[in-house]
Each structure stands twice: as structure tokens, then as C-alpha cells.
Amino acid sequence: YAQLHNISLYDNPAKTGLMTGDFRFAGIYRSQWESVPVQYRTFSFGYDMKVLESKNGVLGAGLILSRDQAGDSRLSLTSVALSVAYTIVLNEKNLLSAGANVGTGRRSFDMTNLTFDSQFNGDQFIAEANTGEAFANTSNTFIDFGAGLNYRFQKDRRTKMDVGVSGYHFHQPNQAFDDAQDAPLPIRLTISMDASLKVSPKGDIVVRQQYNSQDPYQEYVVGGGWRQHLSERKSKETAITISGYYRLGDAVIPMLEFEYGAWKAGFSYDINLSDFDIATSGRGGPEISLIHMITKVKPLPEYKACPIF
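Conventions used here
Residues numbered from 1 in each chain as written. Predicted model: local features only at pLDDT ≥ 70, side-chain atom pairs only at ≥ 80, totals over all residues. Heavy atoms only, no water. Helix = DSSP H or I, 4+ residues; strand = E, 2+ residues; numbered from the N terminus. Contact = heavy atoms within 4.5 Å. Salt bridge = Lys/Arg side-chain N within 4 Å of Asp/Glu carboxyl O. Buried < 20%, exposed > 50% of the residue type's maximum accessible area, 1.4 Å probe, protein only. Core = buried A, V, L, I, M, F, W, Y, C linked by side-chain atoms within 4.5 Å. Phe/Tyr/Trp six-rings, centres within 6.5 Å; stacked < 30°, edge-to-face > 60°. Pairing = 2+ DSSP bridges.

## Some words on the side chain of Ser196
Next up, step 1: If you trace the backbone, Ser196 turns up in strand β8 (residues 188-198).
Next up, step 2: The contact partners of Ser196, leaving out residues within four places of it in the chain, are Arg158, Thr159, Lys160, Ile205, Val206 and Arg227.

Set out below in C-alpha cells:
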């Protein structure tokens, strides 16, 4: 995802429950390379909440569901994981979080739309012909683990910074469809930074970076922009963020985000710059995110009985 900061549980399990509200719902959808016949469509949904909260720390728990699908074979990966994290309040402005998740992953494909050389007789394609291919399994389910750390500096609601590191697939589960084969899922390492700085009564500078490594692939995204606060009325805070990012050697990503009260929506689009633009003509793909936060009404610290006259 380009909007990795908008799906916190996918970014880092240590961010579970790390929020101003009490409950958070987040969804994100990405359609990649729609202009070529091998589309990649990815969706994730996350939910997390504060379970216990004290002056010394916060215990959070959450759930994330993800699915992607690509190509004529409908090759897909579906995963669901539970996450838990504890945030320690170091002092008034500094927080340190540690978290982990555990879940299952299922990789599968469908042969219905696949064709093979053996179905061509030299002149024409014969759909009923024997494919010559035999697969004992078209799916594989495995257990998966992940963990992460996150440090937050927060001066106030508008000036703050998160720096985190997380890892997934630590035991490199076997995702092969053939029981006799071994296809370990490589460890994915993510390092991220998300910061905002209040520079005027209505304006903030936003800076973000993401680094992902999954042998043998690497990805680095960096960029930033400007957040304009249109209203700061309690429960009706309104802001719009315009930013741009560069995925090294691959794409330029303009991004627009809108916030109103407990809601936040984001839209970005990858403009492909890699050698693959021969096929895509620069059309990398859109990405849409939506976040909703719920905050419980806190009870009064004390009660006073008012006499009735």
C-alpha cells in the first residue's frame, strides 16, 4: 500500500490501540495495473481497541483481515490475524509500544481460466483437451506470526512523530501447493516514520517514509505535504492534506486526505515510472482508504447531588 499509515495494523502490530479514540475501524482497497490483463487487487480491513488504560500505559487488541488476487489463475492470498500491543507512557511526551500478532494465511488458485500448450493441436485451441497438468492441491493454509516496536513523540495533537520497525513471517511458513516441495514465505521487514509539525495556526507540515524488505525485493517510499485545518471545533475538526510521494525507481504518488470529526478518507494514485510503463502507460492504479474512530464518553471524576427547591 502507498497509504500504509492509514492501515496501522498492517504497518505495525505495535500500533494496536495507539490512538486518541477508543475504537478504530479502517479499510483500504488498491487496484494495481488495471490497464494490463494481470490486475492486482488488494483489500484490508482492520479493527482495534483499547482494552485497558491507565496513567502508566495502554493495552490494545485488534484484528486484521487482508486479501489480494491477481491474474487469470486468480492467485490469491487471504490472511486473518489477531494482534495485541502494550504502550508504556515514558513521560508526558514520549510513548513506547511493543506488539505482536498471530494468524493464518491461505494461498490458492483456480485453473478454470488457464490454458496450456497441450491444448493446442498446431492449428487451433481445444478447450476439452487434456492439459497434461495435475495438481494435488490448489490451496495451502499456514500459521503466521509478526511483531513490532513503535516510538511516539507527541507534543500536542498536531505536532507528533512515530518511528517504528516490524517484522512478519518470522518462521517463514511453507506456501507450496505440492507437499513434496518447499516454498518458504520470506520474512518481511518494515521501517516507517510518520511525522507532522504545526507551523502556523491552521497549517502543518507532514513527512512520511516507508522501507519494506522481503528477500529479494526492496521498496522505499518517501514524501510529504501540507495539512490545512479548516475547523478545530471539538468533534467537528476538519482538515485536508495534500501530499506527494516517490517510490524509488517505480512510481510518483499524489495523495489527498480529508478529515472530519471521527472520519478520515484518503485517495492516492500510482503514476508508474518503471520499465513496466511500456505496458501500463503510467497507469499504476488507485488506492482508497476510510477510517472511523469511536471515543467513549468519559465518566465525571466526581458527582454532586443538587438540592431541589
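## Notes on the pattern of salt bridges
Next up, step 1: Using the criterion set out here, one finds 17 salt bridges in the structure.
Next up, step 2: Here Lys15 makes a salt bridge to Asp11, at a shortest N to O gap of 2.7 Å. Each member of the pair, Lys15 as well as Asp11, is classed as buried.
Next up, step 3: One salt bridge connects Arg208 with Glu257, and the closest N-O pair in it is separated by 3.6 Å. Within this pair, whereas Arg208 is found in strand β9 (residues 203-214), its partner Glu257 is found in strand β12 (residues 251-260), the two being separated by 49 residues in sequence.
Next up, step 4: The class of Arg208 is buried, set by a relative accessible area of 5%.

## Topic: the nonpolar core
Next up, step 1: Counting 9 residues, the largest nonpolar core consists of Tyr1, Leu4, Ile7, Leu9, Ala26, Ile28, Ile64, Ala81 and Ile291.
Next up, step 2: In terms of nonpolar packing, the next biggest core, distinct from the first, is built from 5 residues, Val221, Tyr245, Ile253 and Met255 among them.

## Quick word on unusual backbone geometry
Next up, step 1: Note the cis peptide between Asp215 and Pro216, where omega equals 5°.
Next up, step 2: Mapped onto the fold, Pro216 is located in the loop between β9 and β10 (217-231).
Next up, step 3: You will see that Ser235, though not glycine, has its phi angle at about 70°, which is positive.
Next up, step 4: The topology assignment puts Ser235 in the loop between β10 and β11 (238-247).
Next up, step 5: A residue is classified by how much of its surface remains accessible, and Ser235, at 52% relative accessible area, is exposed.

## Describing the packing of aromatic side chains
Next up, step 1: Summed over the entire model, instances satisfying the criterion amount to 4 aromatic pairs.
Next up, step 2: With a centroid separation of 4.8 Å and 75° between ring planes, the pair formed by Phe109 and Phe177 is classed as edge-to-face. With Phe109 in the loop between β5 (94-108) and β6 (139-154) and Phe177 in the loop between β7 (160-168) and β8, the pair connects residues that are 68 residues apart, well separated along the chain.
Next up, step 3: Measuring from centroid to centroid gives 5.1 Å for Phe120 and Phe125, while their planes differ by 50°, and the two rings are tilted.
Next up, step 4: Phe120 gets classed as partly exposed once you look at its relative accessible area, which sits at 47%.

## Side note on the environment of Ile271
Next up, step 1: Along the chain, Ile271 falls in strand β13 (residues 263-272).
Next up, step 2: Overall, Ile271 belongs to the partly exposed group, its relative accessible area being 37%.
Next up, step 3: Linking Ile271 and His169, residues 102 residues apart in sequence, is a C-alpha distance of 30 Å.
Next up, step 4: Setting aside chain neighbours within four positions, we find Ile271 in contact with Asp250, Ala251, Val252, Pro254 and Gly282.

## A word on the pairing of β10
Next up, step 1: Bridge analysis of β9 against β10 gives 12 bridges, and the strand direction is antiparallel. Looking at β10, one finds that Arg208 is bridged to Gly223.
Next up, step 2: A loop of 2 residues connects β9 with β10, the two strands running antiparallel in sequence.
Next up, step 3: The antiparallel hairpin formed by β10 and β11 contains 6 residues in its connecting segment, where Ser235 sits at a positive phi of about 70°.

The analysis is restricted to geometry; functional conclusions fall outside its scope.
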